[in-house]
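If you want the building blocks of each chain, they are given just below.
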Amino acid sequence: MSGFYELGINEGLCQKLAALGISEPTAVQKKVIPEIAAQKNVVFQSATGSGKTFAFLLPLLQKIEGEPNPTKAVRLVIVSPTFELASQLKQAAASVTDLKCGLFIGGAPLKRQIDSLKEKPAIVVGTPSRLLELCRLKKLKIENAAAFVLDEADRLASKEIAQETADLAALFGPATQAIACSATITKKTEGFLFSARPDARFETILLPLEDVLREKIEHWAFFAERRDKIDLLRSILRALEPKKALVFSSRADQVENIFQKLKFKKIDCAALTANIKNQERQSMLARFKGGKCPILITSDLSSRGLDIPDIDYIIQCDLPDDEDFFVHRSGRTARAGKSGVNIVIGDERELRKLAALEKKLKILVRPKALYKGKVVAPAQMESD
């Protein structure tokens, strides 16, 4: 019998999970599902790749599937900070429920999305700005929804979109169940949630962050001056021949620069930038997911919620100022119980900062170098 059944998830949902090859709940699912099923407002933290999506989806879907909805009103609203994550959340919901689900994100035609609301979706997934716009146009009514979810809540609470997230949260009625989750829930994020929903009393569940970082991810560090980083990146890619590598740069303009220089050297890669159209973006992600393009270069814009299976290498071409970004970047590998490698290419200042981060996160960072076309420990170069 499915372990989800023992958590109170009904047979129909368990069968749909089984069809996806999922039979046993993860640690976060064991802790969170009963709390959400008990109608509590929950904020929870769990490492990337630990199963957060089904932790909130399963009890909420069970709730709304079991309730009459004669007016075909919106029953569940899931808010995401990025286009990619919103799309993945919609796909996850559609994989386990027959309820109609709509996707509402910026960059897509507004009129088409308004038309899709006429089909009366029970589940609405989208970015805060587009959802808020539809609400203000009185095309989307959410005040009587059974529940809403803020996924990647710390990003939704960031200064760029915090106001839109708060304005959207204020539109829900007092009876609407509130859920928030992320790989990192800080005191600042908690404060934002409590102020956005002052009428709600939250149950906070924090699962440890460092287990995946320490146990499933091997951390490597390469030294390079800033001007030499792209050349070193190219050599690392030649040496490793990754099936799937995700390359990060903090600077959006540097993403295009890395892409052009790798492309010039005949390295098969793609660049995910903020200014490409949504259709092209989805096509690019589909190629990367399917293994048709082995290397994807991006900025931190897409480090949140980018759930792509079987990424074997993360390569950080700089060390982000925000510690949480380091955690989120690293967590794009070693998902769903698998292992992976996180590589930082840093100059002297960045590697000093990485050493401090190593102590704080209790991870082990191994120095690496290239020697005769292979990745080695520096000691191996000396012994030869």
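The coordinates are above.
So, how was this worked out
Counting of residues starts from 1 at the beginning of each chain's written sequence and follows it residue by residue. Given that the model is predicted, a residue must reach a pLDDT of at least 70 before its local features are reported, and side-chain atom pairs must reach 80 or more before they are shown or counted; all residues, however, enter totals for whole chains, interfaces and linings. With hydrogens and water set aside, each side-chain value is computed from the structure's full complement of heavy atoms. Secondary structure is summarised from DSSP: a helix means a run of H or I of at least four residues, a strand means a run of E of at least two, and numbering begins at the N terminus for each. C-alpha atoms define the radius of gyration in this analysis, and the globule rule sets the expected value at 2.2 Å times the number of residues to the power 0.38. For every residue, the accessible area obtained with a 1.4 Å probe (protein chains only) is divided by the maximum for its type, and the residue is called buried under 20%, exposed over 50%, and partly exposed between those limits. Only heavy atoms matter for contacts: two residues are in contact if any of them lie within 4.5 Å across the pair. Shrake-Rupley sampling with a 1.4 Å probe provides the accessible areas, and residues are treated as covered by the protein chains on show and by no other component. When DSSP finds two or more bridges between a pair of strands, those strands are recorded as paired. Angles shown run from 0 to 180 degrees and are taken between the N-to-C directions of axes, each axis being a line fitted to C-alpha atoms and, for helices, limited to the stretch in contact. Here is the rule for angles: anything less than 35 degrees is roughly parallel, anything more than 145 is roughly antiparallel, 65 through 115 is roughly perpendicular, and the remaining ranges are oblique. Crossing handedness is defined as follows: a turn of the near helix away from the far one that is anticlockwise and smaller than a right angle gives a left-handed crossing, while the clockwise case is right-handed. Amino acids are sorted into nonpolar (Ala, Val, Leu, Ile, Met, Phe, Trp, Tyr, Cys and Pro), charged (Asp, Glu, Lys and Arg) and polar (every other residue, Gly among them). Our arc is simply the arc of the directions from the helix axis toward the C-beta atoms.

Student: Would you mind going over the overall build of the chain with me for this structure?
Tutor: A count of helical and extended segments in the chain gives 17 helices and 16 strands. Over its C-alpha atoms the chain spans a radius of gyration of 22 Å, differing by no more than 12% from the 21 Å that the globule rule assigns to 384 residues. Principal-axis analysis of the C-alpha atoms gives the chain an extent of 75 × 45 × 40 Å. Classification of the 384 residues of the chain by burial places 54% in the buried group. A sequence separation of at least 24 residues applies to 73% of the contacts in the chain between residues at least 6 apart. For the chain, the exposed area adds up to about 17900 Å²; of that, 51% sits on carbon and sulfur atoms.

Student: What should I look at first to understand unusual backbone geometry in this one?
Tutor: The phi angle of most residues is negative, glycine excepted, and most peptide bonds adopt the trans form. Even without being glycine, Lys-138 reaches a positive phi, approximately 65°. Relative to the elements of secondary structure, Lys-138 occurs in the loop between helix H7 (128-136) and strand E5 (147-151). At Glu-152, a residue that is not glycine, the phi angle is positive and equals roughly 55°. With respect to the element layout, Glu-152 can be found in the loop between E5 and helix H8 (153-156).

Student: For this particular structure, what's the right way to read the sheet that holds strand E9 (residues 245-248)?
Tutor: Paired through their backbone hydrogen bonds, the strands of a sheet run either parallel or antiparallel. Across the sheet, which stays open at both edges, the 7 strands sit in the order E10-E11-E9-E12-E13-E8-E14 with parallel pairing between neighbours. Each edge of the open sheet is held by one strand with a lone partner, namely strand E10 (270-272) and strand E14 (365-367). Pairwise comparison of adjacent strand axes, ignoring direction, gives a mean angle of 25° for this sheet. Both E10 and strand E11 (residues 295-298) contribute to a ladder of 3 bridges, which runs parallel. Its bridge partner lying in E11, Ala-271 is registered against Ile-297.

Student: Quick question: what am I supposed to make of the packing of helix H5 (residues 83-94) against helix H14 (residues 278-289) here?
Tutor: Working note: a packed helix pair is described by the angle between its axes plus the distance between those axes. Where H5 meets H14, the closest approach of the two axes is 11 Å, and the angle between their N-to-C directions is 65°. Taken together, the axis directions place H5 and H14 in an arrangement best described as roughly perpendicular. Viewed along their axes, H5 and H14 form a crossing whose handedness is right-handed. Residues Phe-83, Glu-84, Ser-87 and Gln-88 of H5 form the contact with H14, whose participating residues are Asn-278, Arg-281, Gln-282, Leu-285 and Lys-289. Considered class by class, the residues forming the contact of H5 with H14 number 2 nonpolar, 4 polar and 3 charged.

Student: Help me understand the environment of Leu-131, please; the structure alone is not making it clear to me.
Tutor: Along the chain, Leu-131 turns up in helix H7. A C-alpha to C-alpha distance of 9.7 Å links Leu-131 and Leu-103, two positions 28 residues apart in sequence. Excluding residues within four positions of it along the chain, Leu-131 makes contact with Val-77, Ile-78, Val-79, Phe-104, Val-124, Gly-126, Leu-140 and Leu-168.

Student: For this particular structure, what's the right way to read helix H6 (residues 110-117)?
Tutor: Residue pairs three or four apart in sequence face the same way in an α-helix, which turns once every 3.6 residues. Three or more residues of H6 are buried, namely Gln-113, Ile-114 and Leu-117. Down the axis of H6, the sector holding all buried residues measures 100°, keeping them to one side. Turned more than 90 degrees away from the buried face of H6, the exposed residues are Lys-111 and Arg-112. Tucked inside the fold, the buried residues of H6 contact strand E3 (101-104) and H7.

Student: Looking at this structure, how should I read the sheet that holds strand E1 (residues 41-45)?
Tutor: Strand order in the open sheet formed by 7 strands is E3-E4-E2-E5-E6-E1-E7, with parallel pairing between adjacent strands. At either margin of the open sheet sits one strand with a lone partner, and together these are E3 and strand E7 (202-206). Averaged over all pairs of adjacent strands, the angle between strand axes in this sheet comes to 15°, irrespective of strand direction. In the sheet, E1 pairs with E7 via 5 bridges, with the strands oriented parallel.

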